[in-house]
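Here's the letter readout for the chains.
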Amino acid sequence: MQTNPKDPVKKTGISCHSSGLSYIHNPGVNPLRYVTIGRMIEDAASKYGKTVALVSMSDNIRITYEELLRDIDQLAAGLLSLGLVKGDRIGLWAPNFIEWVVTFFATARAGFITVCLNPSCEAPELKYFINKCGIKALVCPDKFKTLDFYGKLCKLIPDLGGTVQNEEVPTLKLVIMISQQKLRGTYNYNEVLDMADAAGMQRVKEEQWKISPDDICNIQFSSGTTGLPKGACLTHFQVVNNSYQIGQLLKFETVQHKVCVQVPLFHVFGVVAHLGLCPQFGTTMVFPTPIYNSTANLTALEQERCSAVFGTPTMFVDLVNLQRKLNKKIYATIAGMGGAPCPPSVINSIKDGLQIKHVIIGYGATEITGIAFHTSIDDNEYQGTETVGRIANYIEAKVVDSKGDVVPCGTPGELCVRGYLVMEGYWNDPEKTKEVICDANWYRTGDQFIFDKDGYARVVGRVKDMIIRGGENIFPKEIENCLSEHPDILEVSVIGVDSERLGEEVCACVQLKPGSEMSLDSLKEFCKGKIASYKIPSHLEIVEAFPKTSIGKVKKFVLREQIKKNTK
């Protein structure tokens, strides 16, 4: 590897371009790491062999980095013995099991491509993912709690007991079940491990040079907040380096950390901020439970004395509310938050309610391998709560208008990002790729940003979510931040609704705290003096729950349709 995890973070001065335009470039200082995920985990086993890599609290299992690499190479050898070859897509459809971690690294060591699948997806969705990526092998449990994986597979492949071959999913050849029993038509996970021998495991190690850091290692399906999911292709190089930058930002090289894993591993947040980050710094990953459970997460923070915890705003709201009731001893000093907009009120509640000193906000997207902007430990209160910080190392960013011209600092426009972290494209979808990545390799995020002269960035909303009321541009996020301070509101999402006179009007969709009530008049009164009068909602919808993605982003396109039906 070309750099040392002990190297200090060197942050250069970053500001908007001297011309006053919204363009920023952070060239970084140390070289990027030209290494594969397979080499990264082997290096971790060499450096931190006796350090505990994984703790599964639900199974009472602890695995060191040395033991983890042994299991990884054993599974990789077993998979290769089944006839899989470099570049084959392996579907990983499971909760946060230890087997998930082993399988992810084994596919990387064998040169396969992991396709991360939401464990809650149903048979029709599974069919779409398999056919979209040409998945050749699928790794999943037989059943976990209410999730019946084998049952769903049998719906998709009715004759699974006899063969996997099926015209509905023609590329799928192998199903590997994480199970205590042998199910017809499938291989058992432990059976595949037993197929490996010493020669096969040695072959895995010796043939790492055949895998390039520039090879695609992971297909991440976008959250689908705007429609059908697309498969973003990420390389070894991108995952390793974005992960390493996060670790350096958090100064993980200075302390041996334990991280509480709240987020689902199938999401880019899980892959980059946990599986990619932790091995590079000898960090221990603590898995409270396979499926998200805030009580288990809080228990893990106390019992395992986790020093860091990452998650979405929703996850931290759950932790804060639970901690107010249980008052557990929290040892964490670092909280990393991303995956959805982070209201200042949530940031402050983490510091007050969980007594976590440093709350770091990250902005990114699946298509840019995780994090592109972040706050830092040294930021002041405004910078750390009202912005998403400054641009990460080795990245360019600009804010453009609808014509693609760079706007002056302080002017809102669409954020575009360029650098090592921009995905290779959407799998088997060149047209969709061209819609978001131009010939000069700028990725259009679809997010409305404002840069200040010092290079700090604020997210003001999604381009598609912007409300145009009588010619006035209104960004929902500003109103959402205002309403999130209301004592009776648990969660809020602001959308535009049709208006014959104004084109669109502002509608506040709110989920109230138990026992609370609210009227439109009281809502308007609360907003007076806090936001401009034309931004104050003229419509109020009380909802029991919001339609969300797997990591807590509100699906606004679904919400709009629901509200539209309700108001007919």
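Residues numbered from 1 in each chain as written. Predicted model: local features only at pLDDT ≥ 70, side-chain atom pairs only at ≥ 80, totals over all residues. Heavy atoms only, no water.

### Points about the overall build of the protein
Consideration 1: For the protein, the count of helices and strands is 18 helices and 27 strands.
Consideration 2: Taken along the three principal axes of its C-alpha coordinates, the protein extends 70 × 55 × 55 Å.
Consideration 3: Counting over 568 residues, the protein shows a buried share of 59%.
Consideration 4: Taking as baseline every contact in the protein between residues at least 6 positions apart, the subset at least 24 positions apart corresponds to 69%.
Consideration 5: On the protein, roughly 23,400 Å² of surface is accessible, and the fraction owed to carbon and sulfur atoms is 48%. (Helix = DSSP H or I, 4+ residues; strand = E, 2+ residues; numbered from the N terminus. Buried < 20%, exposed > 50% of the residue type's maximum accessible area, 1.4 Å probe, protein only. Contact = heavy atoms within 4.5 Å. Areas by Shrake-Rupley, 256 points an atom, 1.4 Å probe, with all protein chains shown as cover.)

### Describing the packing of helix α1 (residues 37-48) against helix α8 (residues 236-249)
Consideration 1: The N-to-C vectors of α1 and α8 enclose an angle of 45°; their axes lie 9 Å apart at closest approach. With respect to each other, α1 and α8 are oriented oblique. Along its contact with α1, which presents Ile 37, Gly 38 and Met 40, the element α8 presents His 236, Val 239 and Val 240.
Consideration 2: For the contact of α1 with α8, the residue count by class is 4 nonpolar, 2 polar and no charged. (Axes fitted to C-alpha atoms, helices over the stretch in contact; angles between N-to-C directions. Parallel < 35°, antiparallel > 145°, perpendicular 65-115°, else oblique. Nonpolar A, V, L, I, M, F, W, Y, C, P; charged D, E, K, R; others polar.)

### Observations concerning the sheet that holds strand β9 (residues 216-221)
Consideration 1: The sheet built from 8 strands is open, its strands ordered β8-β7-β6-β4-β5-β9-β10-β20 with mixed pairing. The open sheet has two edge strands, β8 (187-188) and β20 (425-426), and neither has a second partner.
Consideration 2: Looking at chain direction, strand β6 (residues 137-141) and strand β7 (residues 174-178) are connected through 5 bridges and run parallel. Residue pairing across strands places Pro 141 opposite Ile 178, the latter belonging to β7.
Consideration 3: Strands β4 (89-93), β5 (113-117), β6 and β9 of the sheet are contacted by helix α4 (residues 123-133), whose axis makes an angle of about 145° with β9.
Consideration 4: Its contacts with the sheet place helix α5 (residues 149-156) against β4, β6 and β7, and it is angled at close to 140° to β6. (Pairing = 2+ DSSP bridges.)

### Some words on the packing of aromatic side chains
Consideration 1: All told, the structure shown has 19 aromatic pairs when counted by the stated rule.
Consideration 2: Here Phe 97 and Phe 144 contribute two aromatic rings whose centre-to-centre distance is 5.4 Å and whose plane-to-plane angle is 80°, an arrangement assigned as edge-to-face. Of the two residues, Phe 97 is situated in the loop between β4 and α3 (98-110) and Phe 144 in the loop between β6 and α5; the sequence distance between them amounts to 47 residues.
Consideration 3: Residue classification places Phe 97 among the buried residues on the basis of a relative accessible area of 13%.
Consideration 4: With a relative accessible area of 17%, Phe 144 lands in the buried category.
Consideration 5: Measuring from centroid to centroid gives 5.8 Å for Phe 373 and Phe 451, while their planes differ by 40°, and the two rings are tilted. Linking Phe 373 in strand β16 (residues 370-374) with Phe 451 in strand β21 (residues 443-451), this pair joins segments that are 78 residues apart in sequence. Of the two residues examined, Phe 373 and Phe 451, each falls in the buried class. (Phe/Tyr/Trp six-rings, centres within 6.5 Å; stacked < 30°, edge-to-face > 60°.)

### Some points on the UniProt feature "domain: AMP-binding enzyme C-terminal" (unreviewed entry) in the protein
Consideration 1: Mapped onto this structure's residue numbering, the UniProt feature "domain: AMP-binding enzyme C-terminal" (unreviewed entry) falls at residues 478-553.
Consideration 2: As annotated, residues 478-553 comprises 18% helix and 33% strand, and the C-alpha atoms at either end are separated by 17 Å. (UniProt positions renumbered as here; feature names shortened; annotations may be inferred.)

### Some thoughts on the sheet that holds strand β27 (residues 539-542)
Consideration 1: Strand order in the open sheet formed by 3 strands is β25-β26-β27, and the pairing between neighbours is mixed. Looking at the sheet topology across the chains shown, the edges are occupied by β25 (489-499) and β27. Strand-to-strand twist of the sheet, defined as the mean angle between neighbouring strand axes without regard to direction, takes the value 25°.
Consideration 2: Looking at chain direction, β25 and strand β26 (residues 503-512) are connected through 10 bridges and run antiparallel. Paired with Gly 496 across the two strands is Val 506, which belongs to β26.
Consideration 3: Here helix α16 (residues 476-483) sits on the sheet in contact with β25 and β26, set at roughly 145° to β25.
Consideration 4: Of the strands in this sheet, β25, β26 and β27 touch helix α18 (residues 556-566), which is tilted by about 70° from β25.

### Brief notes about the side chain of Gln 280
Consideration 1: Tracing the backbone shows Gln 280 in helix α10 (residues 278-281).
Consideration 2: Judged by its relative accessible area of 4%, Gln 280 falls in the buried class.

### Observations regarding the environment of Trp 427
Consideration 1: With respect to the secondary-structure elements, Trp 427 resides in the loop between β20 and α15 (430-436).
Consideration 2: Between the alpha carbons of Trp 427 and Cys 133 there is a distance of 6.7 Å; along the sequence they are 294 residues apart.

### Overview of the domain arrangement of the protein
Consideration 1: Examined at the domain level, the protein breaks down into domain 1 (61-222), domain 2 (235-463) and domain 3 (469-567).
Consideration 2: One C-alpha centre belongs to domain 1, the other to domain 2; they are set 28 Å apart.
Consideration 3: On the side of domain 2, 29 residues touch domain 1, which itself brings 31 residues to the contact.
Consideration 4: Across the interface of domain 1 and domain 2, roughly 2,500 Å² is buried in total on both sides, 67% from carbon and sulfur atoms.
Consideration 5: Taken together, the links from domain 1 to domain 2 amount to 2 salt bridges.
Consideration 6: Notably, a salt bridge pairs Glu 304 with Arg 62, separated by 2.5 Å at the nearest N-O pair.
Consideration 7: The interface formed by domain 1 and domain 2 includes 12 residue pairs in polar contact (both at pLDDT 80 or more).
Consideration 8: Elements with a minimum of two residues in the side of domain 1 that touches domain 2: α3, β5, α4 and β9. (Domains from an automatic or database assignment. Buried area = accessible area lost by both parts, 1.4 Å probe. Salt bridge = Lys/Arg side-chain N within 4 Å of Asp/Glu carboxyl O. Polar contact = N/O pair within 3.5 Å; in protein donor to acceptor, adjacent residues only side chain to side chain.)

### Some remarks on empty space enclosed by the protein
Consideration 1: Going through the model one piece at a time under the given rule, you end up with 3 cavities of 30 Å³ or more.
Consideration 2: When its volume is computed, the second largest cavity comes out at roughly 40 Å³.
Consideration 3: Lining of the second largest cavity is provided by Asn 242, Gln 245, Ile 246, Leu 249, Ile 371, His 374, Ala 392 and Tyr 420.
Consideration 4: Going through the elements one at a time, α8 and β16 are the ones with two or more residues in the lining of the second largest cavity. (1 Å grid on protein atoms, 1.4 Å probe; cavity = no way out; pocket = protein on both sides within 12 Å on 5 of 7 lines; lining within 4 Å. Points joined across faces, edges and corners; volume = space filled by probe spheres on them.)

### Overview of helix α13 (residues 344-353)
Owing to its 3.6 residues per turn, the α-helix aligns residues three or four sequence positions apart on the same side.
Consideration 1: Listing the buried residues of α13 in full gives Pro 344, Ser 345, Val 346, Ile 347, Ser 349 and Ile 350.
Consideration 2: Contact partners of the buried residues in α13: α12 (313-326), β14 (334-337), β15 (358-365), α14 (381-386) and α16.
Consideration 3: Downstream of α13 by a residue or two, Gln 355 has a phi angle that is positive, lying close to 55°.

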